[in-house]
Amino acid sequence: APRPARRTAARAADASLTLRAPDDWHLHVRDGAGLASVVPHSASNFRRAVIMPNLTPPVTTIEMAAAYRARIEAAVPADVSFEP
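What you see is a predicted model, and the numbers here were worked out from it, not measured in a lab.

A.B. asks: Help me get a handle on the overall build of the protein, residues and values and all.
C.D. replies: Looking only at helices and strands, the protein has three helices and two strands in total. Seen in sequence order, the protein has helices and strands lined up from the N terminus as α-β-α-β-α. When the 84 residues of the protein are sorted by exposure, 19% land in the buried category. Restricting the contact set of the protein to residue pairs at least 6 apart, pairs at least 24 apart contribute 66%. Total accessible area computed for the protein in this model is approximately 6400 Å², and 58% of it derives from carbon and sulfur atoms.

A.B. asks: How would you sum up the environment of Ser42? Please name residues and give values.
C.D. replies: Within the secondary structure, Ser42 is located in helix H2 (residues 32-45). Between the alpha carbons of Ser42 and Asp24 there is a distance of 8.3 Å; along the sequence they are 18 residues apart. Those residues in contact with Ser42, other than ones at most four positions away along the chain, are Leu27 and Phe82.

A.B. asks: So what's going on with the pairing of strand E1 (residues 23-27)? Residues and values would help.
C.D. replies: The sheet contact formed by E1 and strand E2 (residues 48-51) spans three bridges and is parallel. Paired with Leu27 across the bridge in E2 is Ile51.

A.B. asks: With reference to specific residues and values, describe H2.
C.D. replies: Helix length check: H2, at 14 residues, gives a terminal C-alpha distance of 21 Å against a target of 20 Å (1.5 Å per residue), a fit within 8%. Residues Leu35, Val39, Ser42 and Ala43 constitute the buried set of H2. Summarising the contacts, the buried residues of H2 are in contact with E1 and helix H3 (62-75).

Definitions and cut-offs
- Residues numbered from 1 in each chain as written.
- Predicted model: local features only at pLDDT ≥ 70, side-chain atom pairs only at ≥ 80, totals over all residues.
- Heavy atoms only, no water.
- Helix = DSSP H or I, 4+ residues; strand = E, 2+ residues; numbered from the N terminus.
- Buried < 20%, exposed > 50% of the residue type's maximum accessible area, 1.4 Å probe, protein only.
- Contact = heavy atoms within 4.5 Å.
- Areas by Shrake-Rupley, 256 points an atom, 1.4 Å probe, with all protein chains shown as cover.
- Pairing = 2+ DSSP bridges.
- Expected span 1.5 Å × (residues − 1).

Below you can see the structure in the form of structure tokens.
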């Protein structure tokens, strides 16, 4: 069977990738004033984020995680689609 054609360097250079809604896979938003500052900025640049909740006290229960998520969601501007 014939081998498939190899991509040449020139053809590879012409290829492009467009990220229409990128994700942030490691986002620290903290809490309080830091959260209020970081979330709107991140939400305007990313569609989703994996939040790193390194808070004091640490998030150790489902209830604490849900409350933290609610604070993050409340800081997302109304006209922006963002999923923490």
